[in-house]
Amino acid sequence: MFLCNKVRLIVWILSALLIGCFAGSPAAAQIPEKVFSTDHRIDPDKKGQLSVEIDNISFFKNNEYEGKFLKGYTLPGFWLQAKAVYHPLKNIRLEAGIHGLRYWGADKYPNYGYQDIANWKSNKYQRGAHVLPYIRAQVALSDQVNLVFGNIYGGSNHKLIEPMYSPELNLTADPEVGLQLLYDSRYVDLDLWVDWQSFIFDLDDHQEAFIVGLSSRIKFNSPDSRWHVYIPVQGVAQHRGGEINTIYKNSVQTFMNGAAGVGLVWNANRGVLKNINFEYDVAGYYQQAGSLWPLDTGNGKYVRLSADVYDFRIKTSYWECDDFISILGSPFYGAVSTKEEGVLFDKPAMVYFGLEYCRNFGKGFALGIDLDIYNHLPVNSVSSKERIREEVTTSFSAGIYLRINPSFFLKKF
């Protein structure tokens with residue numbers, strides 16, 4: 001049965017790639033940049049303009065997972081934002097509308113964020129679709145500094161490494177909301193944010209929860225240089241608690257992830273070969289308060305290599321860790337099983353291979369297709385009952401995504 005699933009998955013992704021190769025116009029970048037990310041720059045020429053903007057990602061993602069790390073599942077659906085956008089001044093942008101998430105075949109959705117299944121979530125539900133208000137106020141304090149209130153530029157915009165952030169959250173997670181500082185200069189890119197995931201009133205029956213994040217890149221030269229060298233420094237911390245909460249008053253929980261490394265880009269621009277990117281990172285995990293996870297400290301090593309060839313990105317990476325848990329990343333990068341309760345892994349390691357195809361049809365319209373192969377190396381799984389030697393397991397994931405983001409001008413004041 002598993003072999004049949006593998007064959008079907010490979011045939012499906014190859015067919016989708018062939019369709020993409022013979023349609024549309026050339027792409028300028030790959031899925032994280034053109035499908036999942038949003039340009040945060042304010043256009044000063046739009047001063048006084050009022051417009052309506054539609055933003056949508058339709059997706060179909062199939063995860064055929066083996067082993068004890070994570071159960072397999074399929075994600076068929078879309079999210080849609082409809083909002084009014086107004087530029088009262090050349091350096092201020094205001095946005096207001098709604099965000100909705102719909103899975104085909106589902107009619108009941110939890111009210112709160114979808115990152116995990118922690119006990120701070122409410123037991124209240126919405127019917128038909130998961131709908132939230134969408135409000136953003138942004139001011140450009142200078143050409144380099146932007147301050148964002150409300151719905152911030154989240155997901156792939158943070159540029160976190162995959163052991164710290166699962167790209168799948170670009171499809172499934174609620175829009176991040178809180179406060180964000182963006183700084184872009186010749187030598188430093190900085191993203192500092194607070195994502196307020198759960199607000200509480202007095203006597204509420206769930207916990208307050210928020211994430212503080214930092215993602216920065218120190219650039220030794222221009223990213224367009226023949227050889228570009230940079231240092232990424234990243235960190236996220238999630239806090240759950242609340243002083244006015246009564247039920248969870250003594251269950252404060254704080255978790256942290258961090259990573260730092262060095263990267264090298266060769267901008268080859270030779271025929272179909274655009275660039276090659278190498279990066280090495282050291283990651284860490286710390287449970288500062290609480291006992292939600294059975295591990296308190298851990299670390300990991302991450303080595304990745306990618307090449308942009310024509311409209312494709314070919315990727316490979318190696319990951320190994322010791323007692324590491326990722327707050328926002330896939331359980332594949334952790335030492336705790338989310339498939340079988342109470343199972344831990346003794347220094348797991350994984351080799352990854354991936355292929356992306358992205359085609360840009362014009363401003364605001366892009367198609368992305370990807371195939372991911374995860375090879376978990378032999379590892380000991382440990383529980384209170386036994387210690388088992390797990391052999392090599394291979395998991396597959398494939399997805400196709402269509403980003404549609406048109407804007408309709410209404411009036412200039």
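Cut-offs and rules
Residues numbered from 1 in each chain as written. Predicted model: local features only at pLDDT ≥ 70, side-chain atom pairs only at ≥ 80, totals over all residues. Heavy atoms only, no water. Helix = DSSP H or I, 4+ residues; strand = E, 2+ residues; numbered from the N terminus. Buried < 20%, exposed > 50% of the residue type's maximum accessible area, 1.4 Å probe, protein only. Contact = heavy atoms within 4.5 Å. Areas by Shrake-Rupley, 256 points an atom, 1.4 Å probe, with all protein chains shown as cover. Phe/Tyr/Trp six-rings, centres within 6.5 Å; stacked < 30°, edge-to-face > 60°. 1 Å grid on protein atoms, 1.4 Å probe; cavity = no way out; pocket = protein on both sides within 12 Å on 5 of 7 lines; lining within 4 Å. Points joined across faces, edges and corners; volume = space filled by probe spheres on them. Salt bridge = Lys/Arg side-chain N within 4 Å of Asp/Glu carboxyl O. pLDDT = per-residue confidence, 0-100. Core = buried A, V, L, I, M, F, W, Y, C linked by side-chain atoms within 4.5 Å. Pairing = 2+ DSSP bridges. Axes fitted to C-alpha atoms, helices over the stretch in contact; angles between N-to-C directions.

Moving on, we come to the overall build of the protein. The helix and strand inventory of the protein stands at three helices and 22 strands. Residues classed as buried in the protein amount to 47% of the 413 residues present. Contacts in the protein between residues far apart in sequence, at least 24 positions, make up 64% of those at least 6 positions apart. With the model as given, the accessible surface of the protein reaches about 19900 Å², and the carbon-plus-sulfur share is 62%.

Secondary-structure assignment places Ser-330 in the loop between β15 (312-322) and β16 (344-346). Non-local contacts of Ser-330, meaning those with residues more than four positions away in its chain, are made with Leu-70 and Ser-166.

Another aspect to go through is the packing of aromatic side chains. What the rule picks out here adds up to 19 aromatic pairs. Measuring from ring centre to ring centre gives 6.4 Å for Phe-59 and Tyr-103, while their planes differ by 75°; the resulting arrangement is edge-to-face. Pair noted here: Phe-59 is in strand β1 (residues 49-64) and Tyr-103 is in strand β3 (residues 92-103), with a separation of 44 residues, a long-range link. The pair Phe-59 / Tyr-103 is uniform in exposure class, with both members buried. With a centroid separation of 5.0 Å and an interplanar angle of 75°, the aromatic rings of Phe-199 and Phe-201 are classed as edge-to-face.

Summed over the entire model, instances satisfying the criterion amount to one cavity of 30 Å³ or more. There is about 420 Å³ of room inside the largest cavity. If you trace the largest cavity, you find 32 residues lining it, with Gln-81, Gly-154, Gly-155, Pro-175 and Glu-176 closest to the centre. Breaking the lining of the largest cavity down by element, the ones donating at least two residues are β1, β2 (73-89), β6 (130-140), α3 (169-172) and β9 (188-198).

Looking now at the pattern of salt bridges. This model, assessed by the stated rule, comprises 15 salt bridges. Note that Asp-55 is salt-bridged to Arg-403, the shortest N-O span being 2.7 Å. Residue Asp-55 is located in strand β1, and its partner Arg-403 is located in strand β21 (residues 393-404); the two are separated by 348 residues in the primary sequence. By the burial criterion, Asp-55 is buried, and Arg-403 matches it. With a closest N to O distance of 2.7 Å, Arg-313 and Asp-308 form a salt bridge. For Asp-308, a relative accessible area of 6% gives the class buried. The structure contains a network of salt bridges with shared partners spanning Glu-53, Lys-83, Arg-93, Glu-95 and Arg-136.

This part is about the confidence of the model for the protein. Residues at a pLDDT of 70 or more form 87% of the protein, whose mean pLDDT is 89. Counting contacts from residues 18-28, a segment whose pLDDT is below 50, to residues more than four positions away or on other chains yields 22 contacts.

Attention now moves to the environment of Cys-321. Within the fold, Cys-321 resides in strand β15. A residue is classified by how much of its surface remains accessible, and Cys-321, at 5% relative accessible area, is buried. Here the alpha-carbon distance between Cys-321 and Pro-348, two residues 27 residues apart in the chain, equals 5.9 Å. Beyond its immediate chain neighbours, meaning those up to four positions away, Cys-321 contacts Asn-299, Gly-300, Tyr-333, Gly-334, Lys-347 and Pro-348.

Formed by 38 residues in total, the largest nonpolar core has its most connected members in Trp-319, Phe-332 and Tyr-333. When neighbours within four sequence positions are excluded, Tyr-333 is seen to be in contact with Glu-162, Pro-163, Tyr-302, Trp-319, Cys-321, Phe-324, Met-350 and Tyr-374. In terms of nonpolar packing, the next biggest core, distinct from the first, is built from 14 residues, Leu-75, Leu-101, Leu-171 and Cys-358 among them.

On to the sheet that holds β16. Overall, antiparallel pairing links the three strands, which are arranged β16-β19-β20 in an open sheet. Bordering the open sheet on either side are β16 and β20 (387-390), each of which pairs with just one other strand. The mean angle between the axes of side-by-side strands here comes to 35°, regardless of whether they run parallel or antiparallel.

Glancing now at unusual backbone geometry. With phi around 60°, Lys-159 is a residue other than glycine that occupies positive phi space. Looking at the element boundaries, Lys-159 is found in the loop between β7 (145-151) and α3. A positive phi is found at Tyr-310, a non-glycine position, where the angle reads about 55°. Along the chain, Tyr-310 falls in the loop between β14 (297-309) and β15.

Bridging between strand β19 (residues 379-382) and β20 involves four bridges; their strand directions are antiparallel. The residue bridging Val-379 from the neighbouring strand is Glu-390, located in β20. Linkage of β19 to β20, two consecutive antiparallel strands, is achieved through a turn of four residues.

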